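# Working through the structure, step by step
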Amino acid sequence: MEKAVFPVAGLGTRMLPATKAVPKEILPLYDRPAIHYTVEEAARSGFSKMIFVTSKGKEAILNYFDRDVELEEILMARGKKEMADFLRGLSEMAEFIAIRQGVPMGLGHAVLQAKAVVDNEPFAVVLPDDIVLSDPPLLRQMRDLYLRTGKSVVALYRVPEEQIPSFGIADAEVKKDGQVVIHDLVEKPSIQEAPSDLAVIGRYILEPEIFSILEKTPPGRGGEIQLTDALKVLAKEGRLLGFIFEGKRLDIGNPEGFLKASLEIAAERGVKI
Ligand code: G1P
């Protein structure tokens, strides 16, 4: 399992006006573009091919992970070897592939665009709006669970009641051996409808059969093709596991969360502010 899909075609409207001219994935969290952190998590989890599902105006994401020999030479000439090495290291983290999602038709549709590149192998989906701080990385732990069980895995996180309507929510059962079996999922339910407080957060390890399910998935909530609706099919067949994450999760999908995440990341790195 070597491929991780990053849906990054979104307009970032919740971050306007900051995202008018710059993709939200490139806005800095402390001193690195936001996308750096999730790509690093995937690389540390053993993934070596990062597939960005992009759209118009997102070229800066690939530029960040590309070599810039001229810049490296300038830095070397100025005695800044450490930064030159860091920049070169970005391109060595993985192989980077971009495919386009011409029409924004939802997360399920974005994932489906990666079908030809992923081919017939299990793969990860990583949503870069969710930053998780953990060691070993969350995606690594989920990958290990997939390798042990052969079942697709989604990350779950307990959320306070008022946040339930912002997430996919799982009807899950913790078995005696600690395995978390997901029986059903509901995309962004009301508090009354929600089967639990276990929210799906943006990490998934998926069997390639999800593509043929997505191809048959009609538009759901918000008129979009929802990944959650395709995952429900696996859940109903008892083939979807949850991995309950108890570490720190940072939501960078809005300006307040972004600022908070920046401060948390700086603090983790020992920066005094
Ligand atoms: C997506 C998924 C949702 C999931 C969330 C995690 O929603 O559709 O099931 O809980 O990501 O961040 P979005 O936040 O893209 O609206």
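Quick caveat: nothing in here was measured; it's all calculated off a predicted structure. (Residues numbered from 1 in each chain as written. Predicted model: local features only at pLDDT ≥ 70, side-chain atom pairs only at ≥ 80, totals over all residues. Heavy atoms only, no water.)

Right, let's talk about the overall build of the chain for a bit. Assigned secondary structure in the chain consists of ten helices and 13 strands. Against the globule reference of 19 Å for 273 residues, the chain gives a C-alpha radius of gyration of 19 Å, in line with a compact fold. Dimensions of the chain along its principal axes, counting C-alpha atoms only, are 60 × 40 × 40 Å. Here the chain holds 273 residues, and 48% of them are scored as buried. (Helix = DSSP H or I, 4+ residues; strand = E, 2+ residues; numbered from the N terminus. Rg over C-alpha atoms; globule rule 2.2 N^0.38 Å. Buried < 20%, exposed > 50% of the residue type's maximum accessible area, 1.4 Å probe, protein only.)

Time to look at the nonpolar core. What tends to happen in soluble globular proteins is that the nonpolar side chains get buried as a cluster. If you look at the biggest cluster of nonpolar residues, it comprises 39 residues, and the most contacted ones within it are F6, I35, M50 and F52. Per-element tally for this core: the top contributor is helix α7 (residues 138–149), with five residues. The residues contacting M50, other than those within four sequence positions of it, are A4, F6, V39, A42, A43, A94, E95, F96 and I97. One finds V5, L198, A230 and L231 within the second-largest nonpolar core, a separate group that totals 33 residues. (Core = buried A, V, L, I, M, F, W, Y, C linked by side-chain atoms within 4.5 Å. Contact = heavy atoms within 4.5 Å.)

To continue, consider the site of the ligand. If you check the shell around the ligand, you find L107, L127, D130, F167, G168, E187, K188, V200, G202, Q226 and T228 and nothing else. Contact distances for the ligand include 2.9 Å between an oxygen atom and a side-chain N or O atom of D130. Interatomic distance of 2.6 Å between a backbone N/O atom of V200 and an oxygen atom of the ligand. Protein burial of the ligand: of its 380 Å² of free accessible surface, 76% is covered by the chains. When the residues that make up the shell around the ligand are grouped by side-chain class, the tally is four nonpolar, four polar and three charged. (Near = heavy atom within 4 Å. Polar contact = N/O pair within 3.5 Å; in protein donor to acceptor, adjacent residues only side chain to side chain. Areas by Shrake-Rupley, 256 points an atom, 1.4 Å probe, with all protein chains shown as cover. Nonpolar A, V, L, I, M, F, W, Y, C, P; charged D, E, K, R; others polar.)

Let us look at a nonpolar patch on the surface. A cluster of nonpolar side chains, L259, L263 and I273, forms an exposed patch at the surface whose accessible area comes to about 360 Å². The residue L263 is located in helix α10 (residues 255–268) in this model. (Patch = residues over 30% accessible without salt bridge, like charges linked within 9 Å, V, L, I, M, F, W, Y side chains within 5 Å. Salt bridge = Lys/Arg side-chain N within 4 Å of Asp/Glu carboxyl O.)

For the rest of this paragraph, the subject is unusual backbone geometry. In this structure, P17 follows L16 across a cis peptide bond, with omega equal to 5°. Structurally, P17 can be placed in the loop between β1 (3–7) and β2 (28–29). Omega for the bond connecting D135 with P136 falls within 30 degrees of zero, at 0°, which places this linkage in the cis form. The backbone of D119 shows a phi angle near 65°, a positive value even though the residue is not glycine. Summarising the element assignment, D119 is placed in the loop between α6 (115–118) and β6 (123–126).

With respect to the element layout, Y157 can be found in strand β8 (residues 152–158). Using a relative accessible area of 18% as the deciding quantity, one classes Y157 as buried. Residues Y157 and K248 lie 91 residues apart in sequence; the distance between their C-alpha atoms is 9.8 Å. Not counting chain neighbours up to four residues away, the residues in contact with Y157 comprise D197, L198, A199, I201, F245, G247 and R249. Looking at Y157, its side chain comes within polar contact range of the main-chain oxygen of G247, at 3.4 Å.

Structurally, the position occupied by E41 is in helix α1 (residues 34–44). At 2.8 Å, the side chain of E41 forms a polar contact with the side chain of R203. When near neighbours in sequence (up to four residues on either side) are disregarded, E41 contacts V132, P137, L138, L139 and R203.

This part takes up α10. End to end, α10 covers 20 Å across 14 residues, agreeing with the expected 20 Å (1.5 Å per residue, within 8%). For α10, the full list of buried residues reads G257, F258, A261, S262, E264, I265 and A266. The secondary structure elements touched by the buried residues of α10 are β2, α1 and β13 (248–251). Remark: G270 follows α10 within two positions and exhibits a positive phi of approximately 80°. (Expected span 1.5 Å × (residues − 1).)

The grouping of D66, D68, E70 and E73 at the surface amounts to a negative patch. Here D68 is to be found in the loop between α2 (59–65) and α3 (69–77). When its relative accessible area of 37% is taken as the criterion, D68 is described as partly exposed. (Lys, Arg positive; Asp, Glu negative; His and termini not counted. Charge placed at Lys NZ, Arg CZ, Asp CG, Glu CD.)

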